[in-house]
Structures are given as structure tokens and as C-alpha cells.
Amino acid sequence: MPYLNVSTNVILVIAGIGLLIFIHELGHFLMAKKIGARVLAFSLGFGPAILKKQWGETEYRLSLFPLGGYVKLAGENPDEEKTGASYEFSSKSIGQRASVLVAGVALNALLAFVAFIVAFQIGVPFITSEVGDVIPGQPAWQAGIQKGDKITEIGGIDDPDFEDIFTVVALSNTTTGIPIKVKRGNDIFRTEVIPMYDQEHGLQRIGIMPATSLEIDKIFAFENNESPARDAGIQVKDLVVAVNGKRITSESEFREVESQSAGKEITLTLLRNGEEIKVKVTPSKISRWMLGLSGASSIIDGVKYKSIASKAGLMKGDEIIEVNSNPIIGFTGFKNTFMAYEDKTCILTVKRNNKIILVSVPLEDAGAKEEFLKSITPFYGLTIDSVVPGFPAEKIGLQPGDKIISLNEKELHHWNELLLAVVSGQGKPITIGWMRGTEKLTSAIAPQKNGETAAGSIGVKFREKTEFKKYGLIGSCVVGFKKAVINVQRLYLTLRGFFSQRLSTKNVGGFILIAQASYESAKVGMGKLVYFLGILSLQLALLNILPVPVLDGGHLLFLLIEKIKGSPVSQKTLSIAQYIGFAMIISLVIYATRNDIMRLFTL
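Residues numbered from 1 in each chain as written. Predicted model: local features only at pLDDT ≥ 70, side-chain atom pairs only at ≥ 80, totals over all residues. Heavy atoms only, no water.

Asker: Hey, could you run me through helix H11 (residues 415-424) in this one?
Answerer: The α-helix advances 3.6 residues per turn, and as a result positions three or four apart in sequence lie on the same side. Buried residues of H11: Trp-415, Leu-418 and Val-422, and no others. Take H11 and look down its axis: the buried residues cluster within an arc of 65°, on one side only. The outward face of H11, more than 90 degrees from its buried face, is lined by the exposed residues Asn-416 and Ser-424. Among the structural elements, strand E18 (289-290), strand E19 (293-294), strand E25 (376-380), strand E27 (403-407) and strand E29 (430-436) are those in contact with the buried residues of H11. (Buried < 20%, exposed > 50% of the residue type's maximum accessible area, 1.4 Å probe, protein only. Helix = DSSP H or I, 4+ residues; strand = E, 2+ residues; numbered from the N terminus. Arc of directions from axis to C-beta. Contact = heavy atoms within 4.5 Å.)

Okay, structure coming up:
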């Protein structure tokens, strides 16, 4: 029976992708017929015909390579000899030719909208808007959003899923806040979050992660191919219900035990196919590469909403320079001096916009100090705050107060640049340059791992929590339209990311990735497959309209040029453009397919 399910899913995927291609070419075909252009061939796929049938003036083909399709019109090819007959495509007006080109795109867009409506009538699972982790110091944290909160409205969108939240944040204006409605238990409150621009990815973020279940979503191996979960026989879709005999209800409970059990055997109780089983697994010791220094400054990078710090009047950008008239340097200096103070009120001397002000912090009980420190996050810069004894930074002579200026003879601007270089270098020696007063110093330094602070990990990722969205006809139309808009926006973000080189070209996927994603959607359910095919149909429409030779948008561009100059573009120019466009598309297909193969073999 499992093989029957696999075969059915494969057939559904092939039929679905085939439908997208068919609908696109059908649009060209029907409009060509309507304007009186002769259609010589209608083909699904490229290359030699496997099956073909002549019907009237048109030969219908099923071709060898299922990488698309085409409609061949009389008088369409730039190299083709034209007779001037009325049935030739080149004899038609600019408006008529444009209508044929647009028809394929229009039908794909229409199919996408219909697919979304059908999908939401069947029901589609989406990642919920429940908040999992909240990154300290990030905009959501500053706005007071907490783990377990549910975002019920964002930027005017009601009942959003995590896809909606991501897109609204990424496209929002960084100078104004996004209105958000949050449900916490039985309480509902409103807040505003100003997104932070992520330089590395070229997107705006607010610093939240989706909530997860305890169902195993992926099992992975570490850099030495060690995978405790795999070796223990843990499987995808297993549900973790207990650790060491204690029932758990959240990923954080599991991670706490996992992290503290590096090298120590633990017992997991798993729910598999309706039965509870127990497996023993020993988490691997995972430690990170580090130089043994901190760039935490006494400049405040974030203040939590309605916290002790915010009520005292502290703001993002404030620089703490004294604690009760005692000068401090760096965040470590501030924290040590602050924690040592014993009175009920602490006076902070703060520099704000080149002005000195005093901030009074009430410390009513013993826990107030810890609560205060948890309500602020420091800005990480390149001036050293502290060094770890015995680690490379101390060994080469780096000291608190030194300012790092270069890495491998390239100027450094941000702390994250240094962090990324150390982590990605996997222990390779680097050359670091720094200033001590007016003296410039350089030295080779090799990052090392800290075995004493190693955390345990068995190598599993948990599945995000999902909710099933299903509506009647009217509701499906409304939500389907909203999802069409959201997916257009996401495609825009993706293209912008690639052109700005913020997104790696390694993320480009081809037909194998599309087939894999379609198959995974089919396994989830018919609603998910139909929704995914709707996304593909919409992307096919939008990408086809891009002004690239060979694509419909490229042909439309030449028609626009013809309209402006009053005469067609020369045959030579058209031919060269077609060859260039074809070469671009083939190169992209080859590169995307290479990426797909690399993913398959995890090279």
C-alpha cells in the first residue's frame, strides 16, 4: 500500500506541473486562433515528438523533454521567410501580437487564483502565527512580544500565518512602526514594531521565530558525519513525549535537557504509529569556534517594553558612562559595578545625543538587578570589552579597550563581520589588526573551541506548529486573493535579493527541486499540492513577463520598441537577442539543476 501512495503522489505531481504548462500554451493558442493567426504546432515539452497528431492546420505534440512547451505560429520566427499572408503572425497588428503574448501569462495568473480558491476549500496547513523564540534586543523583544504570544493582526492583515508576517515585515517602511495585535492567554493588546534591516540577507526583520511542536521534522549529521539521532534509530514524524521519564510539552524543555547532557546518555519516549517506544541516545558535544573576546559596549542597543529599564527612562542609543559616579568601561564593567551596588536606588550617568543626563533605577528587591539586566541589550562594537583567560585573544595580547580595525588586512566595520569570519573559518588562522591608543598592532590568531561550555545536541529539528485553513466559497475567494498578493510580493523580495546579491545563488532551484517540493506538498495533502501549484502558476506568469529575450516579456519589449520607432526591430537584432536569451535560460537551467543535484547528494 505505501507504494500505491507514492505512485499516486508522483502521478499527481506530473499531472499538476503538466497542467501549468498546458494552460500557459493554451492561452497563446486560443488568442492566436481568435486573431486569425495560423497555429502550426502545439507542443507539451521540447525536442523530438514522442506522440503527435495532425488536426486541421495544427500538429499536436507530446515532446521528449518536459521542460516547458510551445506554440508555433506561422510567420513568428525571425529567420522564417515571410509571405505577407494575413494568417501570418507578423502580419497582425502590434496590439494583436501583444494579446497573444499576454494571453499565456493571463491564463496562468487566472489558474493561480482558481487554484488558491480550490485549495482553501479543500484546506491548507500553514505555519501558525504563534511566536516561538524572541531574539533579545530585536524589535519584537523591545516591543514586549513574548514566547507563546499569538499575532492575530499585522499591518491590517487579520488572522495571519507566519508567511504573511514575514512578508509584511520585509516590505514595511523602516521609519514607521507596524501595528500588531497580540493575544497572550486571554488578553489582547496592541503594539507597534519598527523592523530592523538585516544587512546580511537584505531584508527587514523583527526577531521572532515560529513556534514548534515536538514532532521530528529533520534528522541531520554534524561536520564529522556524527548523528546521534540517526544512530539511535529516531525517525522523522516521531513525536517526543518524555525525556528521562519526565513528560514534556515544549521544545524548550527538550533543549534544556539536551544541552546539559553533552556526552551523557538520555532516554527519550517517542510516539510512533500510535505506540510509545523508548530509545537511548547520547547527545554530541557541540562547541563553537571563538577567539575569546567580547565587543559588548555600554551603549544600549535595546530596551524591553514596560520593563524596569524603560520605566526608568533608558532608551536605545544611550551610553552608560558612570554607575553612582563610578566611571565604567564596556558592558562587563557596567554589569560588575551595577551588581555590586547595594542601595535601593542606583543612579546612572548616561550620555544621550551628546548630552549628559542622570537616570534613577529603583532596586526594590534582590531580583530587581537581574530583571533590569535582562531588560536591556548592549550594542556590540569592535572595541574589546573583555577577553577570556587562556583563549587566543588573551594569548596574542589583546586587552579591554583595544579596537579591532582589520581582518586579513581588510577593514572591519561591524562586530557581525568578525563573528561570521570566525564561525565560517572553522578554526583556520586569520590575521587581526587593532589599535591601542595611537599604536597599530597586528597578529595571526587561530580560533579554538571551548570544550568546557560545549552544549549537547542529538541532531534533530522539530516541525513548526501548523493550523488548517479552510473556508467556504466566498471566504476562499477573499483569502485566495490575499495569498496571490502575498506570493507576488515574496517573488519580488526574492528577485530583489538575487539582484542585490543579498541572497546566494545557491538557493536557485530547478526542475528537480520543483518536483521534490511538489511531491512533499502532495504527501501533506491535496489542498497543499493545489496551493503549491497555484504558487508555481503565479511565478510562471510573473517570470514569463520579465523583459528577457525568448520569454513573453522579451517579445513584448520588442513590440514596444516597434511601436515607438514605427518599424519592426531588424531580423538580425531579433535573432541575436533570441540566441542570447536562449543561452541565458539554458545556463540558468543548467546551474539550477546542478544546485538540485548538489542538494540531493549533500555535497
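Next comes the rest of the write-up.
Asker: Could you clarify how one ought to interpret the sheet that holds strand E28 (residues 410-411) in this entry?
Answerer: By definition, the strands of a sheet pair up through backbone hydrogen bonds, in either a parallel or an antiparallel sense. Ordered in space as E28-E27-E29-E30, the 4 strands form an open sheet in which the pairing is antiparallel. The sheet terminates laterally at E28 and strand E30 (439-445), the two strands that pair on one side only. (Pairing = 2+ DSSP bridges.)

Asker: In this structure, what is going on with the packing of aromatic side chains? I would like to understand it.
Answerer: Here a ring pair, both rings aromatic, is described through the centre-centre distance and the interplanar angle of the planes. Tallied over the entire structure, the rule returns 17 aromatic pairs. Summarising the aromatic geometry, the rings of Phe-220 and Phe-222 are spaced 5.8 Å apart at their centres and angled 85° between planes, so their arrangement reads as edge-to-face. With relative accessibility at 36%, the residue Phe-220 sits in the partly exposed group. Its guanidinium or amino end placed over the ring of Phe-126, Lys-528 lies 5.9 Å from that ring's centre, counting from NZ or CZ. (Phe/Tyr/Trp six-rings, centres within 6.5 Å; stacked < 30°, edge-to-face > 60°. Lys NZ or Arg CZ within 6 Å of the ring centre and 35° of its normal.)

Asker: Help me understand the sheet that holds strand E5 (residues 150-154), please; the structure alone is not making it clear to me.
Answerer: The 4 strands are arranged E6-E5-E7-E8 in an open sheet whose pairing can be described as antiparallel. The open sheet has two edge strands, strand E6 (157-158) and strand E8 (187-193), and neither has a second partner. Relative to E6, E5 runs antiparallel, the two being bridged by 2 bridges. For Ile-154, the partnering residue across the bridge sits in E6 and is Ile-157. Relative to the sheet, helix H4 (residues 162-171) contacts E5, E6 and strand E7 (178-184), its axis offset from that of E5 by approximately 50°. (Axes fitted to C-alpha atoms, helices over the stretch in contact; angles between N-to-C directions.)

Asker: How do you make sense of a nonpolar patch on the surface when you look at a structure like this?
Answerer: On the surface, Phe-46, Ile-50, Leu-51, Leu-62, Leu-64 and Phe-65 cluster together to form a nonpolar patch covering roughly 560 Å² of accessible area. Listing elements by their share of the nonpolar patch, those giving two or more residues are strand E1 (39-55) and strand E2 (58-73). Here Phe-65 lies in strand E2. (Patch = residues over 30% accessible without salt bridge, like charges linked within 9 Å, V, L, I, M, F, W, Y side chains within 5 Å. Areas by Shrake-Rupley, 256 points an atom, 1.4 Å probe, with all protein chains shown as cover. Salt bridge = Lys/Arg side-chain N within 4 Å of Asp/Glu carboxyl O.)

Asker: I keep staring at the pairing of strand E21 (residues 319-323) and nothing clicks. Help me out?
Answerer: The two faces of the sheet receive side chains in turn, since in a regular strand these alternate between them. As judged from the 4 bridges shared by E21 and strand E23 (residues 345-352), these two strands associate in the antiparallel manner. Each residue of the ladder has a partner; that of Glu-322, found in E23, is Thr-349. Here E21 pairs with strand E22 (residues 326-327) via 2 bridges, running antiparallel. Across the sheet, the residue bridging to Glu-322 is Pro-327, located in E22.

Taken by themselves, the reported measurements are silent on function.
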